[in-house]
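# Remarks on the overall topology
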Amino acid sequence: MKVKKLAALLISLTLLTLSLAACGSKDSDSSGSGGETVTLKLGVVGGIYEELWTPAKNALKDQGINVEFVQFSDYVTPNKALNSGEIDLNAFQHRIYLDNEIKTNGYKIEKIGNTFIIPLNLYSNKVTSVKDLKEGDVVAIPNDVTNGGRALKVLEAAGLIKLKASAGFSPTVADIESYTSGIKIKELAANTIPSALADVSAGIINGNFALDFGLKTEKAIFADTSLKEEQYWNLVAARSEDVKNADKAALYKKVVKAFQTAETEKTFKEKFGGYFIAVGWDQDLLAGK
């Protein structure tokens, strides 16, 4: 009798253990709505992105989704890592860069949500208005193709130059038809322009570098007018294969929506002085996925 009771007890304990084990290891339905936490690896470049994504990370945690930041030190590796499956998503680039990466490397990745645009404003330590720029004054612009072309568009909008009608989306100095104000353009590495303001009359400065040097957006002598250019919008990217999976697409949609909130915009304004501007949040890039 004692043997039978012991055997029954062991069976009961075994069933209980299996039941508890099943509850603890239950795989999520990949939508973040199950009882288990889903971990997503998000590739970023620089600690600033972790701050930008903190409101979304906190909101997603309440939905059972854990966002794990994976830092990269360059702009080449994140797309390579995403394409190979080392990370689930990345958020560090704008559309022009992503399109070029796909074209150059044949990556099977795509944009799934818009995040923000970083303005490219004109700053000066010597004049307070573009009207004060005169013949011979030197204006610095980034020497890379993407930001350089965008900078030339800003200068044209400011009335300082006129670009040829045949100029493409990313014009170069060779596409300048005329210098309406007689300025001279000097191409420099984007990260050196803030410190070069003492040596030039003005400079087009990337928002992240302006932020690093404490330049306030309201101090710009001319504000970027290209904010509606979708090719300059930053984004969240995912593998095309994953997007085709209904469960993963639903999960990624939650990630995008968690970023596109008033809390994120509050971070843009209060922590980063308006250098990050929400754009394209009304677009559902995962619609129908």
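Residues numbered from 1 in each chain as written. Predicted model: local features only at pLDDT ≥ 70, side-chain atom pairs only at ≥ 80, totals over all residues. Heavy atoms only, no water.

### What to know about helix α9 (residues 246–259)
An α-helix turns once every 3.6 residues. As a result, residues three or four positions apart point the same way. Heads up, the condition is: Numbering of helices and strands runs from the N terminus; a helix is a DSSP stretch of H or I covering at least four residues, while a strand is a stretch of E covering at least two. In this analysis, the expected span of each helix is defined as 1.5 Å times one less than the number of residues it contains. The buried label applies to any residue whose accessible area, calculated with a 1.4 Å probe on protein chains only, is under 20% of its type's maximum; exposed applies above 50%, and partly exposed to all values in between. Counting of polar contacts relies on pairs of N or O atoms within 3.5 Å, with two restrictions inside protein: one atom must be capable of donating a hydrogen and the other of accepting it, and residues adjacent in sequence are counted only when both atoms are side-chain atoms.
Taking 1.5 Å of rise per residue, 14 residues should cover 20 Å, and α9 covers 20 Å from first to last C-alpha, within 8% of that figure. If you check which residues of α9 are buried, you get A249, L251, Y252, V255, V256, A258 and F259. For α9, the N-terminal capping position is held by N245, with its side-chain oxygen 2.9 Å away from the main-chain nitrogen of D247.

### Focus: the pattern of salt bridges
It is possible for side chains bearing opposite charge to pair when their charged atoms get close. As a reminder, the rule being used: In what follows, salt bridge is the name for a side-chain nitrogen of Lys or Arg lying within 4 Å of a carboxyl oxygen of Asp or Glu.
Counting across every chain of the model gives eight salt bridges. With a shortest N-O distance of 3.5 Å, K134 and D137 are connected by a salt bridge. K134 sits in the exposed class, given a relative accessible area of 51%. Note that K248 and D242 form a salt bridge whose closest N and O atoms lie 3.2 Å from each other. Overall, the relative accessible area of 6% leaves D242 in the buried class. One connected set of salt bridges, linked through shared partners, spans R239, D242 and K248.

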